[in-house]
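Survey of secondary and tertiary structure
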Number of protein chains: 2
Amino acid sequence: MKKIATLVAVALLNLGTATAQELSNFNFGGRGQQTKSPELNGEKVTFRLNANYATVVNLAGSWMPDQQHYGGGIPMKKGKDGVWELTIDTPTPEIYTYNFVVDGVTVNDPQNFMVQRDGTRYLNMLMVPGERTENYFEANQRGTVSYKWYDSKILGMNRRVTVYTPYGYEKNKGQKYPVLYLLHGMGGDEEAWTSMGRAAQILDNLIEKGLAKPMIVVMPNGNPNEQAAQTLGLPKSKTNYGDPLQADAYVKSLCEEIVPFIEKEFRVIAKPEARAISGLSMGGGHTFTATNLYPKMFDYICPQSAAGGSTLEQVKALKAAGVKLYFLACGTTDFLYDNSKKMDALLTEAGLEHTFFQSDGGHVWANWRLYLNTLAPKLFK
Amino acid sequence: MKKIATLVAVALLNLGTATAQELSNFNFGGRGQQTKSPELNGEKVTFRLNANYATVVNLAGSWMPDQQHYGGGIPMKKGKDGVWELTIDTPTPEIYTYNFVVDGVTVNDPQNFMVQRDGTRYLNMLMVPGERTENYFEANQRGTVSYKWYDSKILGMNRRVTVYTPYGYEKNKGQKYPVLYLLHGMGGDEEAWTSMGRAAQILDNLIEKGLAKPMIVVMPNGNPNEQAAQTLGLPKSKTNYGDPLQADAYVKSLCEEIVPFIEKEFRVIAKPEARAISGLSMGGGHTFTATNLYPKMFDYICPQSAAGGSTLEQVKALKAAGVKLYFLACGTTDFLYDNSKKMDALLTEAGLEHTFFQSDGGHVWANWRLYLNTLAPKLFK
C-alpha cells in the first residue's frame, strides 16, 4: 500500500504531469497484473504463474479427479520469461476452485482476486458461464446481506447469523416476507452459503426473473460451540455438545431463538406456511432434527445430501401437521445417497407427498447450488 | 470438502464407534493443522510452513523494512520433517500482515485463517495483543455489518455500501443515531475499513466501554467507476471520471445520494451536528472535497493522512457554517505530512479551532486504525 500510494499521490500532487490515462495504467494490485490468469477464451482456459525460481509447478482444479485437487495436479510449462503456463479445455459450465502447487506447496493464483472460503481454506474460483451457472453471477437488482448477532441463552453466547433480504425490502415498507432458513454442512459456517453457495446471487437472479417469490434467507452458524466463523478469531465454547448431527442444542436455538429473533427484527410473515427450512449434509441432518422436534414450524422442508433422518412416526407427525413441500435432494454418487433413498422410501411409506430430486455427482457445492436454484422457485407458492 | 465429509459422515453414521472426542480431533481444515503457525508465545513468535520440496523459503512481514514485504524477507530453516521454521522477537502490539516466499513465489500461510484483503491481495494477519490493539479484537457486544446497494443516478449504477449499526440498534426502536461517513483510500473499496481498518471492532469496543457514542458508520465505495469491490466480479464503468482525487462525481453521489439513502433507511438524526466525515489518503481528499462543496453538511470533519485540501476561502466558509470538531491526523514520516502541515497552517490562518494529531510512522493502516480509535470518542459530544 505504502509504495503504491506514494507513487499515486506523487502523481496526483503534480496534476500538471499526471493524466487520468496514466493513472489508469498504475498497477494498484502491486505486482504482476501483466500476467493474466485465468484467461478464459471460450473453449480454452489458460492459467499463468510468475515463478522464475520454482522447479516444478502444477495446476490442481476441482474439475480434475478428486485426488488431484489440493495437491498433485497436472504440470505447467515454464516460459523464457519465468511465467509458467498451462492451457486446458474449458470444463463444462460450473464454479470450480483451483490452486497452483509450487515445489509441493499449495499456492493461490495472485492474479485472481475471485476467492471463496471453504472453512479455513481460501480457494481461487474459476467461473465458467453457461446455462447451468447463469444465476450464479451477479444480477442487476441485488438484495442486502447482513451479519447480525443474536443472544443465545440455550448455547450461552452471542452468535452471528447471515441474513439476506431481497431487493426492494428497504422500499416496500408495507410488505412482509416469507423466510427460508438455509443451513450449512460440517466444516462450514454462517458464510458458507453466501461464499461457496452463491445464495445471494441465486436468489437475486431468481427474484429478478420472477421465478422465485421475494424472500428473506437466514443462514445461521450450525456449529454449537462457535459464536461465529473461525476467521473472526473468537474463542470456541468448551461445552461438549456431543455428536454434531444430533446437536439438539443448536436446533433448539435455531427454532426457539433464531426464528423469533428474525421474526422480530424483520418484516416477516410469522406463520408455518411462510417458513422453509433446507440444509446440506450436516445441515440436512439439522433440517431433519428441526422438523422432528418442531413438526408444526415449517411447511417447506428441503434436506440436501442429508445425513441423519426421521422415523416413520416422525414423518407421520409431519404429514398430520400439514407439509406444503417436501423436497429431498441428493447426488447419485453421493456417499449419503443410500441414506436419502431410505428417507425417500420412508416418506412414501408414510404417504407424505414429496419430490426426490436426484442429480449427477456427489457431495459437492456444484450440487448444493443446483438444489438451491431448483428448490427456491417452489417455495411459498 | 468431499473427503473430509466422507470421513466425518462415516464416523457419524456409525454412532456406536465415533465419540464427540474423536470427532473433535478430526482435521476439518483438510491438511496440516498439526503444523501450528503463527505460534505466539509472549516475546517470541514462530512461523512454520510444510514445504519439503522447496529450495528457499523466506518470511516477509509488514513489521520488516518496507522493501522486504511482499517479496524478499528473511530466510527460514528447514527441519528434518520438511517443515520450515523461523522464530523471531514478537513485534510491538499492532496488526501486521505477512506471507511466505517459496522459491520466489508469494504464499499465504495455510495454517492461518485470519486474513485481511487489501485491494486484490489477501494477506495473513498477525495480531499482537497489547494496549495499542485492545480495541482491534472482538468486543463482547457487537453491531451489525450490512452490505447494501443504492441506486446512483449521478454515477449511473447500482452501488454497494457497507453499513455498521451499533449493538442495540435492533432493540432500541425509539432511538435515532448520528452517522460517521468513513472513506477509504486509493486501491481500497467499501470493505477496506472493515477488513484492514477493524472499524466494526473499534466501534464495538469504544461503545461497549462507554467511550464513544453509539453511532452508525457508513463506508461507501469511493471509486466512481466501480459498483462494488472488484472481488464481486462486476464490470467497471468505462466513464472517465478524471483525477480520482478530484472526483466530484463520487463526492456528489456521497452527499446527494448516499446521505439521503442512509437517512431514509436507518433511524438517523438527519442534522449537521449528527453527521461526521472522515477518510484516509484519497478518502481524506474526498473529505476535503465534500466539505468544500457542502460546507453546511458535516459538523465533524476528520481528514486522515489526506491528499488534496481546501482554500482559505473554503475554510472560512466552513468556519461560518459552524464546525464542532476539525481533527486533522497524519504520521510524521508520511509522504503527505507536508500536505497536512499546510492544511494545519491554513486552518490556523482562518481561525478555525482544530486538532492536528501527529503520530509516528507513515501512510499505513496502523495509523488509520489509531486515528479512528482516537477520533471516534470525540464525535457527537
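Here's what I pulled together on the structure shown here. (Residues numbered from 1 in each chain as written. Chains lettered and ligands numbered in written order. Predicted model: local features only at pLDDT ≥ 70, side-chain atom pairs only at ≥ 80, totals over all residues. Heavy atoms only, no water.)

1. Re empty space enclosed by the protein
Just so we agree on the cut-off: Cavities and pockets are defined on a 1 Å grid built over the protein atoms alone: a cavity is a set of grid points where a 1.4 Å probe fits but cannot escape, while a pocket is an open set with protein on both sides within 12 Å along at least five of seven lines, and lining residues are those with an atom within 4 Å of any such point. Grid points are joined across faces, edges and corners, and a volume is the space filled by probe spheres set on the points. Nonpolar residues are Ala, Val, Leu, Ile, Met, Phe, Trp, Tyr, Cys and Pro. Charged residues are Asp, Glu, Lys and Arg, and all others, Gly as well, are polar.
Within this structure, the stated rule accounts for 10 cavities of 30 Å³ or more. Taken as a whole, the largest cavity encloses approximately 1400 Å³ of empty space. If you trace the largest cavity, you find 45 residues lining it, with A:Tyr147, A:Arg160, A:Glu191, B:Tyr147 and B:Glu191 closest to the centre. Here the residues of the lining of the largest cavity sort into 19 nonpolar, 12 polar and 14 charged.

2. Comments concerning the pairing of strand E15 (residues 275-280) of chain B
All names here are of chain B. How we decide: For each residue, the accessible area found with a 1.4 Å probe, counting protein chains only, is set against the maximum for its type, and the residue is called buried under 20%, exposed over 50%, and partly exposed in between. A run of H or I in DSSP becomes a helix once it reaches four residues, and a run of E becomes a strand once it reaches two; helices and strands are each numbered from the N terminus. When DSSP finds at least two bridges between two strands, those strands are taken to pair. We call a crossover right-handed when, viewed with both strands directed away from the observer, the connection leading from the first strand over the helix to the second proceeds clockwise.
Summarising burial for E15: 6 of the 6 residues are buried, a large majority. Residues of E15 alternate between two faces, with Arg275, Ile277 and Gly279 on one and Ala276, Ser278 and Leu280 on the opposite face, all of them buried. Note: strand E13 (residues 179-183) against E15, 5 bridges, orientation parallel. Looking across to E15, one finds that Val179 is bridged to Arg275. The parallel pair E15 and strand E16 (residues 300-304), bridged by helix H6 (residues 282-293), forms a crossover whose chirality is right-handed.

3. Topic: the packing of aromatic side chains
All names here are of chain A. For clarity, the cut-off: A pair of aromatic rings is counted whenever rings of Phe, Tyr or Trp (Trp by its six-membered ring) have centres within 6.5 Å, and the orientation is called stacked for planes under 30 degrees apart, edge-to-face for over 60 and tilted otherwise. Distance and angle both matter: a charge sits over a ring if NZ of Lys or CZ of Arg is within 6 Å of the ring centre and within 35 degrees of the ring normal.
The full count for this structure, using the stated rule, is 29 aromatic pairs over all chains. Grouped by ring-pair contacts, the aromatic residues Phe47, Trp63, Tyr96, Tyr98 and Phe100 constitute a single cluster. Here Arg267 stacks its cationic end above the ring of Tyr169, 4.2 Å away from the centre of that ring.

4. Focus: the nonpolar core
Under the convention used in this document: What makes a nonpolar core is a set of buried Ala, Val, Leu, Ile, Met, Phe, Trp, Tyr and Cys residues whose side-chain atoms join them at distances within 4.5 Å. Two residues qualify as a contact provided that any one of their heavy atoms is within 4.5 Å of a heavy atom in the partner residue.
Among the nonpolar cores identified, the biggest contains 79 residues, and A:Leu379 and B:Leu379 are the most heavily contacted of them. Among residues more than four places away in sequence, those in contact with B:Leu379 are B:Leu180, B:Lys213, B:Met215, B:Ala276, B:Tyr300, B:Cys302 and B:Leu325. A:Val163, A:Met297, A:Leu318 and A:Met343 belong to the second largest nonpolar core, which has 43 residues in total.

5. Quick word on the sheet that holds strand E2 (residues 44-50) of chain B
Strands belonging to one sheet form pairs held by backbone hydrogen bonds; the direction of such a pair is parallel or antiparallel. Residues and elements named next belong to chain B. The strand order across the open sheet formed by 4 strands is E1-E2-E6-E5, and the pairing between neighbours is antiparallel. Of all the strands in the sheet, just strand E1 (39-41) and strand E5 (77-78) have a single pairing partner and so form its edges. Relative to E2, E1 runs antiparallel, the two sharing 3 bridges. By the bridge assignment for E2, Asn41 is matched with Lys44.

6. Observations concerning the sheet that holds strand E1 (residues 39-41) of chain A
Pairing within the open sheet is antiparallel, and its 4 strands lie in the order E1-E2-E6-E5 (chain A). Every interior strand has two partners, whereas the edge strands, E1 and strand E5 (77-78) of chain A, have only one.

7. Examining the packing of helix H4 (residues 199-208) of chain A against helix H9 (residues 365-375) of chain A
Residue and element names in this part refer to chain A. Counted only if it meets this: Between N-to-C directions, angles cover 0 to 180 degrees, with each direction set by a line fitted to C-alpha atoms, over the stretch in contact for helices. Roughly parallel covers angles under 35 degrees, roughly antiparallel covers those over 145, roughly perpendicular covers 65 to 115, and oblique covers all other angles. A clockwise turn of the near helix away from the far one marks a right-handed crossing, whereas an anticlockwise turn of less than a right angle marks a left-handed crossing.
Two numbers describe how H4 lies on H9: the axes approach to 10 Å, and their chain directions differ by 30 degrees. One element, H4, and the other, H9, form an angle in the roughly parallel class. Viewed along their axes, H4 and H9 form a crossing whose handedness is right-handed. In contact with Ala199, Ile202, Leu203 and Leu206 of H4, H9 contributes Arg369, Leu372 and Asn373. Across the contact of H4 with H9, the residue classes tally to 5 nonpolar, 1 polar and 1 charged.

8. Focus: the environment of B:Asn292
All names here are of chain B. Following the sequence through the fold, Asn292 ends up in helix H6. Taking the C-alpha atoms as reference points, Asn292 and Gly73, separated by 219 residues in sequence, lie 44 Å from one another. For Asn292, the residues in contact, after removing those within four places along its chain, are Gly309, Ser310 and Gln314.

9. Section: unusual backbone geometry
Residue A:Pro38 follows A:Ser37 across a cis peptide bond; omega there is -10 degrees. Tracing the sequence through the fold places A:Pro38 in the loop between helix H2 (20-24) and E1. Although it is not a glycine, B:Ser281 sits at a positive phi angle of roughly 55 degrees. You can see B:Ser281 is positioned in the loop between E15 and H6. One non-glycine residue with positive phi stands out, namely B:Phe380, at about 60 degrees.

10. Regarding the pattern of salt bridges
All names here are of chain A. Counted only if it meets this: Salt bridge criterion: a side-chain nitrogen from Lys or Arg within 4 Å of a carboxyl oxygen from Asp or Glu.
Taken as a whole, this structure holds 37 salt bridges over all chains when the rule is applied. With a shortest N-O distance of 3.4 Å, Lys209 and Glu134 are connected by a salt bridge. You can see Lys209 sitting in the loop between H4 and strand E14 (216-220) and its partner Glu134 sitting in the loop between strand E10 (121-127) and strand E11 (144-152), a full 75 residues away along the chain. The exposure class of Lys209 is partly exposed, given its relative accessible area of 41%. Within the structure, one salt-bridge network assembled from shared partners comprises Arg117, Arg160, Asp189, Glu190 and Glu191.

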